[in-house]
Amino acid sequence: MKNVNIIAAKRTPTGGFLGSLSHLSASELGQIAIENILENIPFSPTEIDAVYMGNVLSANVGQSPARQAALFAGISNQTDATTVNKVCASGMKAVILGAQQIQLGIDQIVIAGGMESMSNVPHYTLLRKNNKLGHTTLIDGLLKDGLTDVYHNFHMGNAAEICAREYHLSREIQDDYALSSYKKAAEATKSGKFLNEIIPVTIKTKNDTIIFNEDEDIYKIIPDKIAKLAPSFEKNGTITAANTSKLNDGASAILLVSDEIVQKYQLKPLARIIGYADAAQAPEWFTTSPSLAIPKALKQAKLTLDAIDFFEINEAYSTVILANQKILGLDPDKINVYGGGVALGHPIGSSGSRIITTLVSVLKQEGGRYGVAAICNGGGGASAVVIENLNAN
């Protein structure tokens, strides 16, 4: 099969819930990410064959969110666009689908990524037919379609509690991990590690124009209060607001091309996708599904765990990293070296492509050759991608 080259990988800063990016819809955030990719290509947007964008919470966003993001960004009417919903793995699955199109020789140039505005998800009401009398109850679309396990009718956090008990992950261990994630994210931000991947977003207020160029939640933690927080999902539980990812807004986009396009336009690839896989198990065990997807992706790439220099595993909860690290025997110093979703945020439709974007940055700046990005998703699934830094020594 043909090679799949990553030419560019960009993302917006991650906005806090009801924060700096909340005035933008998911498709508008996706538009920003795609526009930035288009600004730096040596060929016409008319040459782009397809667009794949992850988006989970599509209610009230409008028809075909990926198509909106593509067309409003300036991509041709003749370029098809597909919206992908694999819950938290949507952005990664979009990248995998784009890679497959190139591998099979169907497409030459693909933009893939994800987008989410968790701030703008509407509430729903179910009106009984021909009944105008009586009260109605509003249903939170964010909880209903994004954060609730339909098989057990509980929050995803309840599944994280099951994981914590099974793998003996205490509240203290989870809190320590969360603090570490915030520390790494703050240090990476201050030292400019995210500069090459983040797209500054201009925000106009009534009296000023603001350049928003840093992830919004990374400085919001108050270390002294972490141990005092009440459990979020069970009375005597271990999962709290501090050791779990937040509700966020953001988008990311990755430019994938074939070797023929690299040669035609004398492009310099950042990395190459050399393996990928999906895996699944019982819905309540989505937390450990990355431990199933990662070995499958490595097998396809003909690599072993020992060959991997860095891992980006989405921090839906601290328990996710800690459990998968324990199962696979991973070196913690190789995982999420710039922080993860607990600190950086988790706009669910974008996170899968966001961690690939960050992994590209990590491999380039830290001198790694091989990297793995993995993310779990509601329903018991996970996806993983293996990439090779083509500029490694």
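Higher on the page you've got the structure.
Residues numbered from 1 in each chain as written. Predicted model: local features only at pLDDT ≥ 70, side-chain atom pairs only at ≥ 80, totals over all residues. Heavy atoms only, no water.

A. Here's a closer look at the overall build of the chain. Helix and strand counts for the chain come out as 12 helices and 16 strands. Against the compact-globule benchmark of 21 Å for 393 residues, the chain has a radius of gyration of 20 Å, which places it among compact chains. With respect to the principal axes defined by its C-alpha atoms, the chain has extents near 60 × 55 × 45 Å. Burial status across the chain gives 58% buried among its 393 residues. Restricting the contact set of the chain to residue pairs at least 6 apart, pairs at least 24 apart contribute 78%. For the chain, the computed accessible surface area is about 16800 Å², with 51% contributed by carbon and sulfur atoms. (Helix = DSSP H or I, 4+ residues; strand = E, 2+ residues; numbered from the N terminus. Rg over C-alpha atoms; globule rule 2.2 N^0.38 Å. Buried < 20%, exposed > 50% of the residue type's maximum accessible area, 1.4 Å probe, protein only. Contact = heavy atoms within 4.5 Å. Areas by Shrake-Rupley, 256 points an atom, 1.4 Å probe, with all protein chains shown as cover.)

B. Up close: the pairing of strand β14 (residues 310-313). Residues of β14 alternate between two faces, with Phe310 and Glu312 on one and Phe311 and Ile313 on the opposite face, all of them buried. Where β14 lies against strand β15 (residues 370-377), four bridges are found, and the strand directions are parallel. Along β15, the bridge assignment pairs Phe311 with Val372. (Pairing = 2+ DSSP bridges.)

C. The arrangement of empty space enclosed by the protein in detail. Taken as a whole and judged by the stated rule, the model has one cavity of 30 Å³ or more. What the largest cavity holds in volume is close to 40 Å³. Broken down by element, the lining of the largest cavity gets its largest block of residues, three residues, from helix α12 (residues 351-366). Residue composition of the lining of the largest cavity, by class: four nonpolar, two polar and one charged. (1 Å grid on protein atoms, 1.4 Å probe; cavity = no way out; pocket = protein on both sides within 12 Å on 5 of 7 lines; lining within 4 Å. Points joined across faces, edges and corners; volume = space filled by probe spheres on them. Nonpolar A, V, L, I, M, F, W, Y, C, P; charged D, E, K, R; others polar.)

D. Structural view of the nonpolar core. Ile6, Met92, Leu256, Ile273, Ile356, Val385 and Ile387 are the most contacted members of the largest nonpolar core, which totals 50 residues. Every residue in contact with Ile6, bar those within four places of it in the chain, is listed here: Ile254, Leu255, Leu256, Pro269, Leu270, Ala271, Ile273, Ile356, Val360 and Ile387. Of all hydrophobic cores here, the second largest spans 37 residues; its members include Ala33, Val51, Ala70 and Val262. (Core = buried A, V, L, I, M, F, W, Y, C linked by side-chain atoms within 4.5 Å.)

E. Layout of the pairing of strand β10 (residues 201-204). Only one face of β10 is buried: it carries Val201 and Ile203, and the other face, with Thr202 and Lys204, is open. Where β10 lies against strand β11 (residues 209-212), four bridges are found, and the strand directions are antiparallel. The partner of Val201 across the bridge, within β11, is Phe212. From the end of β10 to the start of β11, which pair antiparallel, there are four residues.

F. Structural view of unusual backbone geometry. Phi is positive for Asn153, which is not a glycine, with a value near 55°. The residue Asn153 is located in the loop between β8 (148-149) and β9 (154-155) in this model. Residue Lys302 is not a glycine yet carries a positive backbone phi of 60°. Here Lys302 shows up in the loop between α9 (290-301) and β14.

G. Inspection of helix α2 (residues 65-73) at higher detail. The set of residues buried in α2 consists of Pro65, Ala66, Gln68, Ala69, Ala70 and Ala73. Buried-residue contacts for α2 involve α1 (26-39), β3 (50-54), β4 (80-84) and β5 (109-117). Backbone geometry just downstream of α2 places Gly74 in the positive-phi region, at approximately 110°.

H. Local environment of the pattern of salt bridges. In the structure shown here, the tally under the stated rule is 12 salt bridges. The partner of Asp278 in a salt bridge is Lys86, with the nearest N and O atoms 4.0 Å apart. Here Asp278 is found in strand β13 (residues 271-280), whereas its partner Lys86 is found in the loop between β4 and α3 (90-103), with 192 residues between them in sequence. Since its relative accessible area comes to 18%, Lys86 is described here as buried. Counted as one network, the salt bridges with shared partners bring together Arg11, Glu197 and Asp215. (Salt bridge = Lys/Arg side-chain N within 4 Å of Asp/Glu carboxyl O.)

I. Quick look at helix α5 (residues 156-166). Burial runs high along α5: eight of the 11 residues are buried. Considered for burial, the residues of α5 that qualify are Met156, Gly157, Asn158, Ala159, Ala160, Glu161, Cys163 and Ala164. Residues of α5 that are buried in the fold lie against α4 (141-147), β8, β9, α6 (171-190) and α10 (318-328). His168 lies just past α5 and shows a positive phi near 55°.

J. Fine view of the packing of α3 against α12. Contact pair α3 / α12: the axes reach a minimum separation of 4 Å and the direction vectors enclose 70°. With respect to each other, α3 and α12 are oriented roughly perpendicular. Contacts between α3 and α12 involve Gly91, Met92 and Val95 on the former and, on the latter, Gly352, Ser353, Ile355 and Ile356. Looking at the contact of α3 with α12 residue by residue, the class counts come to four nonpolar, three polar and no charged. (Axes fitted to C-alpha atoms, helices over the stretch in contact; angles between N-to-C directions. Parallel < 35°, antiparallel > 145°, perpendicular 65-115°, else oblique.)

K. Main features of the packing of aromatic side chains. Within this structure, the stated rule accounts for three aromatic pairs. Ring geometry for Tyr167 against Trp285: centres 6.4 Å apart, planes inclined by 85°, an arrangement best described as edge-to-face. With Tyr167 in the loop between α5 and α6 and Trp285 in the loop between β13 and α9, this residue pair connects regions lying 118 residues apart in the sequence. Here the aromatic rings of Phe194 and Tyr338 are separated by 5.7 Å at their centres, their planes lie at 90°, and the arrangement is edge-to-face. Here the residue Phe194 occupies a position in the loop between α6 and β10, and Tyr338 occupies one in the loop between α10 and α11 (341-344), the gap between them amounting to 144 residues. Summarising the burial analysis for this pair, Phe194 and Tyr338 share the class buried. (Phe/Tyr/Trp six-rings, centres within 6.5 Å; stacked < 30°, edge-to-face > 60°.)

Nothing here speaks to function; it is all geometry.
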